[in-house]
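In case you want the letters, here they are:
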Amino acid sequence: MEQYGIYIDGKWIKSTHSETFETKNPTTGEILATFPKGTKEDVRMAIEAAEKALPKWRRTPAPKRGEIILRVAQLMRERKEGLGALVTKEMGKVIVEGKGDVQEAIDFLEYIAGEGRRLLGETTPSELPNKFCMTVRQPIGVVGCITPWNFPIAIPCWKIGAALVAGNTVVFKPSGLTPLCAAKLVELFEEAGLPQGVLNFVTGSGAVVGQEIVENPKIRAISFTGGVQSGIDVYSRAAKLLKPAHLELGGKNPQIIMEDANIELAIEGVLFGAFGTAGQRCTATSRLIVQRDVYDIALERLLERTQALKIGDPLDPETHVGPVISEDQEKKVLNYIQIGIDEGAKLLHGGKKLRGGLYDKGFFIEPTIFEAEHGMRITKEEIFGPVLAVIKANDYEDAVRIANDVDYGLSSSIYTKDVVRAFRAIEDLEVGITYINAPTIGAEVHLPFGGVKNTGNGGREAGTTAIDEFTEIKTVFIDYSNRLQKAQIDEQ
Ligand code: NDP
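Please read these numbers as outputs of a predicted model, since none were measured by experiment. (Residues numbered from 1 in each chain as written. Predicted model: local features only at pLDDT ≥ 70, side-chain atom pairs only at ≥ 80, totals over all residues. Heavy atoms only, no water.)

(A) Quick peek at the overall build of the chain. Broken down by element type, the chain carries 13 helices and 22 strands. For 492 residues, the compact-globule estimate of 2.2 N^0.38 gives 23 Å, and the chain sits close to it at 24 Å. Oriented by its inertia axes, the alpha-carbon framework of the chain measures out at about 80 × 65 × 40 Å. Here the chain holds 492 residues, and 58% of them are scored as buried. Counting contacts in the chain only where the partners sit at least 6 residues apart, residues at least 24 apart contribute 73% of the total. Put simply, the chain shows about 20600 Å² of open surface, and 51% of that area lies on carbon and sulfur atoms. In the chain, which carries 57 positive and 67 negative side-chain charges, the distance between the mean positions of the two groups comes to 5 Å. (Helix = DSSP H or I, 4+ residues; strand = E, 2+ residues; numbered from the N terminus. Rg over C-alpha atoms; globule rule 2.2 N^0.38 Å. Buried < 20%, exposed > 50% of the residue type's maximum accessible area, 1.4 Å probe, protein only. Contact = heavy atoms within 4.5 Å. Areas by Shrake-Rupley, 256 points an atom, 1.4 Å probe, with all protein chains shown as cover. Lys, Arg positive; Asp, Glu negative; His and termini not counted. Charge placed at Lys NZ, Arg CZ, Asp CG, Glu CD.)

Spelled out as structure tokens, the structure:
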């Protein structure tokens, strides 16, 4: 079993505190590695190293910074099989998705490495003669990246890759449930030649390590992905320091099936959207809204196809659904299933923890389907597990009303062959992402990612917007008239 320290100033060192925690395989309960329960002092050391490394790193030409990011992507490509298996072992998603997590990181790092040759500003004419106007992007400084467990390689890469190419130095805190994937990632950055101190890594709880990252004034911006309550806490603490905090939070994503949809395709989509990653994606489909004319047939096909899903060892390529991440997550999901039953939703499939054999060692929950009325808690609150609420809608307007009547707004999907309706849905759905005839999951890294309402606070990761949260814009005026020219002041 591996024993890790914290990574400060290019070295793996001991934490200032001797207590450790274990990371475990959610399928087997096997202990994979131990990590320090980091302290505020550890974070301060990480910040000091990041501050020291900043002047040189920010002056390193951005294309050169991009080359190191690209090297990380290349190393990751070479090690994709092993890293993918590690994601599956530590997080529990099935092996194709474990490798997919790594592929998403590769895609993003390759994309963002090229940003080193753009980091675009703008030029505009001046209102005065012999004067030139432009904007340039500058790094913010030392930034904090705090990440969840469900995409233990991809989400850290989205943040760290963009922060580094923009010239910032980083203090990184991963989820306590997936620190091993994070540590392997840090090792890749080291191997790729990242100068010491540019990326620093401290494990430990959100309450100690996370809070110090948020509250230490030397960290100039926060990039956070996690749950809504944690996000509110991060945002309000950061606000007291007027510190920008980019938040990517939860979802309650709907898939709509209209009467003219290709039903087989729509059911295939919802199976992947709802039960892929055991429902533990921020973009997971947790509500299936079906127009009443095709409700019965859609439900029948959904139940048939769900019965055929294989739940088990996520390393087995035949498995469709693996375990949920932890005992706490299992309890939370089972509690929501009970809430659904208690509030009168009709349990159509699943609903139980699986027992016997391999199941006894891990946290396996049956893919669960409820027939629900819109307004029940299971149709409004994020569950983050393999639980789908099916809701009947009268028509398009009703479906959109239901889809929008939640506090979240991340992803959405509509299956229809009617191009007019598809375009209306693009306008009408109050979310950051809409798929037409595809499930709610499957973002591509060269497009912006994020949501509206309680899903975030307005920013977008990935795509051309990826660097926005990690750059300051400086406006520059160059006057070559050789006389004092005054904007807005009338000539005498
Ligand atoms: P949490 O909010 O519990 O934790 C996320 C990270 O923040 C962890 O590293 C955690 O540390 C840390 N943390 C928790 N509280 C604080 C705090 N007050 N201050 C600073 N850091 C803190 O989320 P989960 O890890 O459980 O992840 C699941 C959530 O993430 C879901 O709600 C999901 O929807 C959301 N998510 C959103 C995505 C998006 O892009 N919109 C993408 C993926 C997930 P630790 O747990 O180690 O103590």
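From this point, the narrative continues.
(B) Broad picture of the domain arrangement of the chain. The domain architecture assigned to the chain consists of domain 1 (2–249 + 456–476) and domain 2 (253–436). Spacing between the C-alpha centres of domain 1 and domain 2 amounts to 31 Å. Taking both partners together, domain 1 and domain 2 bury about 1800 Å²; carbon and sulfur atoms supply 68% of that area. Along the contact surface separating domain 1 from domain 2 lie zero salt bridges. At the boundary of domain 1 with domain 2, the tally comes to five residue pairs in polar contact (both at pLDDT 80 or more). Breaking the side of domain 1 that touches domain 2 down by element, the ones donating at least two residues are α3 (80–91) and α4 (95–115). (Domains from an automatic or database assignment. Buried area = accessible area lost by both parts, 1.4 Å probe. Salt bridge = Lys/Arg side-chain N within 4 Å of Asp/Glu carboxyl O. Polar contact = N/O pair within 3.5 Å; in protein donor to acceptor, adjacent residues only side chain to side chain.)

(C) Structural context of the packing of aromatic side chains. Under the criterion given, the structure shown has 11 aromatic pairs. Taken together, a centroid distance of 5.2 Å and an interplanar angle of 85 degrees make the contact between Trp158 and Phe449 edge-to-face. Here the residue Trp158 occupies a position in helix α5 (residues 154–165), and Phe449 occupies one in the loop between β20 (433–436) and β21 (452–453), the gap between them amounting to 291 residues. Phe449 shares its class with Trp158; the two are buried. Here the aromatic cluster, defined as three or more aromatic residues joined through ring pairs, consists of Tyr4, Tyr7, Trp12, Phe21, Phe35, Phe172 and Phe201. (Phe/Tyr/Trp six-rings, centres within 6.5 Å; stacked < 30°, edge-to-face > 60°.)

(D) Inspection of the site of the ligand at higher detail. What surrounds the ligand is a group of 30 residues, the closest being Ser230, Asp233, Leu249, Cys282 and Glu382. Taking Gly206, its main chain carries an N or O atom lying 2.8 Å from an oxygen atom of the ligand. In this structure, an oxygen atom belonging to the ligand sits 2.6 Å away from a side-chain N or O atom of Glu382. Look at the ligand: alone it shows 900 Å² of surface, and the protein chains cover 85% of it. Counting residues per element, the ones that place at least two in the shell around the ligand are α7 (206–215), β11 (221–225) and α8 (228–240). Here the residues of the shell around the ligand are counted per class, giving 12 nonpolar, 14 polar and four charged. Taken domain by domain, the shell around the ligand gets at least three of its residues from each of domain 1 (2–249 + 456–476) and domain 2 (253–436). (Near = heavy atom within 4 Å. Nonpolar A, V, L, I, M, F, W, Y, C, P; charged D, E, K, R; others polar.)

(E) Geometry of the pattern of salt bridges. Going through the model one piece at a time under the given rule, you end up with 31 salt bridges. Taking the shortest distance from any N to any O, the salt bridge between Glu381 and Arg377 comes out at 2.8 Å. Judged by its relative accessible area of 24%, Glu381 is partly exposed. Residue Arg377 is classed as partly exposed on the basis of its relative accessible area, which comes to 38%.

(F) Broad picture of the pairing of strand β14 (residues 285–291). Buried residues dominate β14, accounting for seven of its seven residues. As paired elements, strand β13 (residues 253–257) and β14 share five bridges and run parallel to each other. Paired with Asn253 across the two strands is Thr285, which belongs to β14. In this region the chain leaves β13, passes through helix α9 (residues 263–275) and returns to the parallel neighbour β14; the handedness of that crossover is right-handed. Bridge count between β14 and strand β17 (residues 387–393): five bridges; the pairing is parallel. When the bridges of β17 are listed, Leu288 appears paired with Val390. (Pairing = 2+ DSSP bridges. Right-handed = clockwise from strand over helix to strand, strands pointing away.)

(G) Fine view of the sheet that holds strand β5 (residues 31–36). What the three strands build is an open sheet, ordered β1-β5-β4; its pairing is mixed. Either end of the sheet is taken by a strand with one partner, and the two such strands are β1 (2–3) and β4 (20–24). Taken together, the two bridges between β1 and β5 define a ladder with parallel strand orientation. The partner of Gln3 across the bridge, within β5, is Thr34. Sheet strands in contact with helix α6 (residues 179–191) are β1, β4 and β5, and its direction is about 70 degrees off that of β5. (Axes fitted to C-alpha atoms, helices over the stretch in contact; angles between N-to-C directions.)

(H) Region of interest: the nonpolar core. Counting 72 residues, the largest nonpolar core has Met76, Phe108, Ile112, Leu164, Val170, Phe172 and Phe189 as the members making the most contacts within it. In terms of residues, this core owes the most to one element, α5, which gives nine residues. In terms of domain composition, this core takes at least three residues from each of domain 1 (2–249 + 456–476) and domain 2 (253–436). Look past the residues within four positions of Ile112 in its chain and what remains in contact with it is Ile69, Gly161, Ala162, Val165, Ala466 and Ile467. Listed in part, the 42 residues of the second largest apolar core include Leu288, Val290, Val294 and Leu303. (Core = buried A, V, L, I, M, F, W, Y, C linked by side-chain atoms within 4.5 Å.)

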